[in-house]
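Analysis of the macromolecular model
Below, each chain spelled out in residue letters.
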Amino acid sequence: MDRRTFLKTTAGAGAFAVSGGLATPAISQGAAAKTLRFVPQSNLSNFDPIWTTAYVVRNAAAMVWDTLYGVDDTLTPKRQMVEGEETSSDGLTWTFKLRSGLKFHDGSPVLGKDVVESLTRWMARDSMGLMIKDIQQELTATDDKTIKWVLKKPYPKLLFALGKNNTPMAFIMPERIAKTDPFKQIDEYIGSGPMKFAKGEWVPGAKAVFEKFADYVPRNEKASWLAGGKNMLVNRIEWVIMPDAATAAAALQNSEVDWWENPVIDLVPLLRKNSNIMVDIADPLGNIGTFRMNHLFPPFNDLKVRKAVMMALDQEEYMRALVGDDDKLWKPLPGYFTPGTALYTEEGGDILKGKRDLAAAKKLLAESSYKGEPVICVVAQDQSITKGQGDVTAELLKRLGMNVDFVATDWGTVLQRRASKSPPGQGGWNMFHSWHAGADCVNPAGYVALRGNGDKAWFGWPNIPDLEKEIDNWFDAPNLEAEKKIIGKVNKIAIDNVVYAPTGFFQGYQAWRKNLSGVVKGPIPFSWDVTKTA
Amino acid sequence: MFAYLVRRILSTIPVMGMVALFVFSLLYIAPGDPAAIIAGEQATPEQIDRIRQSLGLDQPFLIRFGEWLWQIVHGDLGTSIFTGLPVARMIGQRVEPTLSLMVLTLILAVVVAVPIGVLAAWKVGTWVDRAVMAFAVFGFSVPVFVVGYLLAYVFALELGWFPVQGYTPIARGIGPWLENLVLPAIALGCVYIALIARITRATMLDVLQQDYVRTAKAKGLGQSSILFVHALKNASVPIITVIGIGIALLIGGAVVTESVFAIPGLGRLTLDAILRRDYPVIQGVVLMFSFVYVLVNLAVDLVYTLVDPRIRY
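Residues numbered from 1 in each chain as written. Chains lettered and ligands numbered in written order. Predicted model: local features only at pLDDT ≥ 70, side-chain atom pairs only at ≥ 80, totals over all residues. Heavy atoms only, no water.

1. Side note on the overall build of chain B
Counting its secondary structure elements, chain B contains twelve helices and zero strands. For chain B, the α and β elements follow one another from N to C terminus as α-α-α-α-α-α-α-α-α-α-α-α. Seen along its three principal axes, the alpha-carbon backbone of chain B occupies a region of about 85 × 55 × 35 Å. Expressed as a percentage of the 313 residues in chain B, the buried residues total 50%. Long-range contacts, defined as pairs at least 24 residues apart, comprise 74% of the intrachain contacts of chain B with a sequence gap of at least 6. (Helix = DSSP H or I, 4+ residues; strand = E, 2+ residues; numbered from the N terminus. Buried < 20%, exposed > 50% of the residue type's maximum accessible area, 1.4 Å probe, protein only. Contact = heavy atoms within 4.5 Å.)

Below, the structure written as structure tokens:
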């Protein structure tokens, strides 16, 4: 019996025992009704949402810091901290008015100067922010409540940039904190969001605690993702870090925790057997699986080789490796954008559709410059998503007749090695596997993996000027119709040039005890409007 | 004796220095980039480079080691790359759970292992002996996490006697403290009990064949007096040695046990730090464990003099 099977067996037995009404746990339930115990996707090891783009930090930060705008479940930016905005007729001057009653957790009011410094720090780290910074003429607080932003050219996506959920989000911090170098970590965690961070109770790697901010004034609208009224219905949220999936499953069954952000797929059927536990899709925007090929060196500097691989890959094989037999959790993805969102397109995606043609792929490979040199495939074994995909790719390349040098390592090493631009035989690489949150792939705004700007592009460094031109056009597009037209072209160019190989769209589950209500599906585990009964 | 004590404690300094250099060198040559982990999946290479520079990770080996050594000399273990918190504070937060787990495991192991080891030696060749040896083989063979999951399933999930995970500080009462620690201590203790029981049995077998034991039997002394007063005392030096050596086992085992039972101890801190390449934390924890290990060895040497008057320093 291997470790994974053992976990499933014991957790399964536990689920049976608990659902069968055996003895209840010893843990105290007193005063617990107003405390929400949450198992996050990973450890909150630091807490500066600008310094790092880690999703777990963004998720915690969304409780503590507020944003000027916030996207709703249609990804439309809605007012959050602002009362209103005005745009000049030429689209160059934006004026924002803060709403009344905004306070930071230290009791000080939120002022225009706080917004100016916060946006300045954010702009230095965010891809959309950097674009805005390039065309910025002036960003000032004209009074305590008013911010004026003057641009050199119109930027129609400004409100989306301020309200997006891609990391780093444009969180508003007190001026003195926001003045911290964007590449250095802040050490004060004062926001104006609905929850305060209890720094004194923070044990990185074990526990993070958030307490309700009594002075928070939610908007009157109904909450929808990052938009609307963020009404906190619990007094305290405790993040309990659990590195072991079987332990988290047992703790959820035993009522020691209330909500588990990302239960492993293997344990989901067992959690479902427990009548006190609800399991549902966590994020409708899901994830996009990927392997990236290094465009700088042979063999993948040859488009024919990249195309041969794309032609041969079977997304179903990849998705089965990730989600098993659960067909609800995956979809084929003949493109690069998140299914179910406004800009989703399959234009140019025929190469990824239909029955796979290995013979044609081999023929294309034979016509290419590939001469049997080793393909260094770096695979992190400590991440189930990368390991599963890596195994499938290794087999795929062998079937194609390529010489695979499979480098099994850990995620920390992959992160370092993929940044190397050295030749593959000298510490570099030919391919690695990863995945992108679907929320980042709804449009080109925060989609760094799609860029084709050569040296400045994401790892693999594709250099595709036509792609960049269309992405620039998208940023200037005046309306959705124009955006859709451009995104069709973006998708086709990206596929034609194999920016990277999409291995499919997949989702994950979240699980919570049924005495919780108000849990929504979203890219962030939104804690507002969640109630807990004893 | 005092001079010996001072000499031994002072001798830990070069030992720890060597350990520190070794660990620092290993980390330096090991692949993995904390800046890339910090920056997150969406970061660009340029952003990662900036973070690396701001953390001083682009500096050469000697400069980084020198700076770290300078901090240590000034009583500062440095600052975690990830949390920005002082390493000493992070270690301080985690000491109590690990220490509690280790002490409880140690007590449990000695209380269980020594008597059953003695019993097995006294009843050598019988079913009692075979049962003890079978348990010892089981204890050595079954991984800590398997025992941990089994215990959690039976005693936490099925019977509801204990929580599955977590830790309650001793300041909140012995009862809640024990409630969280009993299962992890048993899980971690199995290997340790097996080790001590086997050594106790082997040593006792040797001692029980000595002339003075035969004489004691001939004089008509009671079994318990022969076993626990005469024989065990003379067998205790190897047993104490293995208890001391076993501390290292406990430190290693604590990493797994703390993960399985979600105990916020030093084991988990070490594992997290290694996976993230949080160099200052790894170095701080290794230094601390080295110091503890040296002190345990010193304590073991001192205990020898108590149980065996022939040993003098």
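On we go from here.
2. Structural notes on the sheet that holds strand S8 (residues 195-197) of chain A
Residue and element names in this part refer to chain A. Across the sheet, which stays open at both edges, the seven strands sit in the order S8-S9-S10-S1-S11-S19-S12 with mixed pairing between neighbours. Strand pairing shows two members of the sheet lacking a second neighbour, S8 and strand S12 (277-281), which therefore form its edges. Of the strand pairs in this sheet, strand S11 (residues 259-260) and strand S19 (residues 509-513) are connected by two bridges, and their pairing is antiparallel. Among the inter-strand pairings, Trp259 is bridged to a residue of S19, identified as Trp512. Its contacts with the sheet place helix H2 (residues 55-64) against S8, strand S9 (207-212) and strand S10 (236-240), and it is angled at close to 170 degrees to S10. (Pairing = 2+ DSSP bridges. Axes fitted to C-alpha atoms, helices over the stretch in contact; angles between N-to-C directions.)

3. Observations concerning the packing of helix H1 (residues 2-29) of chain B against helix H12 (residues 279-307) of chain B
Residues and elements named next belong to chain B. Where H1 contacts H12, the two axes come as close as 9 Å, and the packing angle between them is 150 degrees. Classified by the angle their axes make, H1 and H12 are roughly antiparallel. The chirality of how H1 crosses H12 is right-handed. Facing Tyr4, Leu5, Arg8, Ile9, Thr12, Val15, Met16, Val19, Ala20, Val23, Phe24 and Leu27 of H1, the residues of H12 in contact are Tyr279, Ile282, Gln283, Val286, Leu287, Ser290, Phe291, Val294, Asn297, Leu298, Asp301 and Leu302. When the residues that make up the contact of H1 with H12 are grouped by side-chain class, the tally is 18 nonpolar, four polar and two charged. (Parallel < 35°, antiparallel > 145°, perpendicular 65-115°, else oblique. Left-handed = near helix turned anticlockwise from the far one by under 90°. Nonpolar A, V, L, I, M, F, W, Y, C, P; charged D, E, K, R; others polar.)

4. What to know about unusual backbone geometry
With omega at -10 degrees, the peptide bond leading from Thr167 of chain A into Pro168 of chain A counts as cis. Even without being glycine, Ala262 of chain B reaches a positive phi, approximately 45 degrees. Along the polypeptide, Ala262 of chain B turns up in the loop between helix H10 (223-260) and helix H11 (266-276). For Ala262 of chain B, a relative accessible area of 6% translates into the label buried. Although it is not a glycine, Arg277 of chain B adopts a positive phi angle of roughly 60 degrees. Tracing the chain through its elements places Arg277 of chain B in the loop between H11 and H12. Accessibility expressed as a relative area gives 10% for Arg277 of chain B, which makes it buried.

5. Details of the nonpolar core
Membership of the largest hydrophobic core comes to 256 residues, with the highest contact counts inside it found for Phe47, Trp149 and Phe210 of chain A. With 16 residues, the single largest contributor to this core is helix H8 (residues 174-208) of chain B. If we ignore the near neighbours within four places in the chain, the residues touching Phe210 of chain A are Leu44, Phe47, Ala60, Met63, Val64, Met195, Lys196, Phe197, Asn235, Arg236, Ile237 and Trp239 of chain A. Counting residues in each nonpolar core, the second largest holds six residues, with Met16, Ala20, Phe65 and Trp68 of chain B among its members. (Core = buried A, V, L, I, M, F, W, Y, C linked by side-chain atoms within 4.5 Å.)

6. Considering the interface of chain B and chain A
Tallying the contact residues gives 53 residues for chain B and 66 residues for chain A. Interface area for chain B against chain A, summed over the two sides, is near 4,700 Å², with a carbon-plus-sulfur share of 56%. Here chain B and chain A share one salt bridge between them. Among the salt bridges present, the one from Asp410 of chain A reaches Arg277 of chain B, with a minimum N-O distance of 2.9 Å. Taken together, the links from chain B to chain A amount to 16 residue pairs in polar contact (both at pLDDT 80 or more). (Buried area = accessible area lost by both parts, 1.4 Å probe. Salt bridge = Lys/Arg side-chain N within 4 Å of Asp/Glu carboxyl O. Polar contact = N/O pair within 3.5 Å; in protein donor to acceptor, adjacent residues only side chain to side chain.)

7. Some words on the side chain of Ser420 of chain A
Structurally, Ser420 of chain A is set in the loop between helix H13 (411-417) and strand S17 (431-437). For Ser420 of chain A, the residues in contact, after removing those within four places along its chain, are Gly427, Gly428, Trp429 and Trp461 of chain A.

8. Focus on the pairing of strand S18 (residues 501-506) of chain A
All names here are of chain A. With respect to burial, S18 is a largely interior element, six of its six residues being buried. Looking at chain direction, strand S13 (residues 287-293) and S18 are connected through five bridges and run antiparallel. Counterpart to Gly289 in the pairing with S18 is Gly504. As paired elements, strand S14 (residues 330-331) and S18 share two bridges and run antiparallel to each other. The residue bridging Lys331 from the neighbouring strand is Phe505, located in S18.

9. Looking at empty space enclosed by the protein
Residue and element names in this part refer to chain A. By the definition in use, this model includes two cavities of 30 Å³ or more. Here the second largest cavity defines a volume of roughly 40 Å³. Surrounding the second largest cavity, Phe38, Met63, Ile237, Trp239, Trp259, Pro525 and Ser527 form its lining. Looking at side-chain class alone, the lining of the second largest cavity contains six nonpolar, one polar and no charged residues. (1 Å grid on protein atoms, 1.4 Å probe; cavity = no way out; pocket = protein on both sides within 12 Å on 5 of 7 lines; lining within 4 Å. Points joined across faces, edges and corners; volume = space filled by probe spheres on them.)

10. A closer look at the packing of aromatic side chains
How two aromatic rings sit relative to each other is given by the distance of their centres and the angle of their planes. Residues and elements named next belong to chain A. Taken as a whole, this structure holds 35 aromatic pairs over all chains when the rule is applied. Here Trp65 and Phe171 contribute two aromatic rings whose centre-to-centre distance is 6.3 Å and whose plane-to-plane angle is 45 degrees, an arrangement assigned as tilted. In this pair, Trp65 is assigned in the loop between H2 and strand S2 (69-71) and Phe171 in the loop between helix H5 (158-163) and helix H6 (175-178), connecting sequence segments 106 residues apart. Of the residues examined, Trp65 reaches a relative accessible area of 1% and is grouped as buried. By relative accessible area, which is 2% here, Phe171 ends up buried. (Phe/Tyr/Trp six-rings, centres within 6.5 Å; stacked < 30°, edge-to-face > 60°.)

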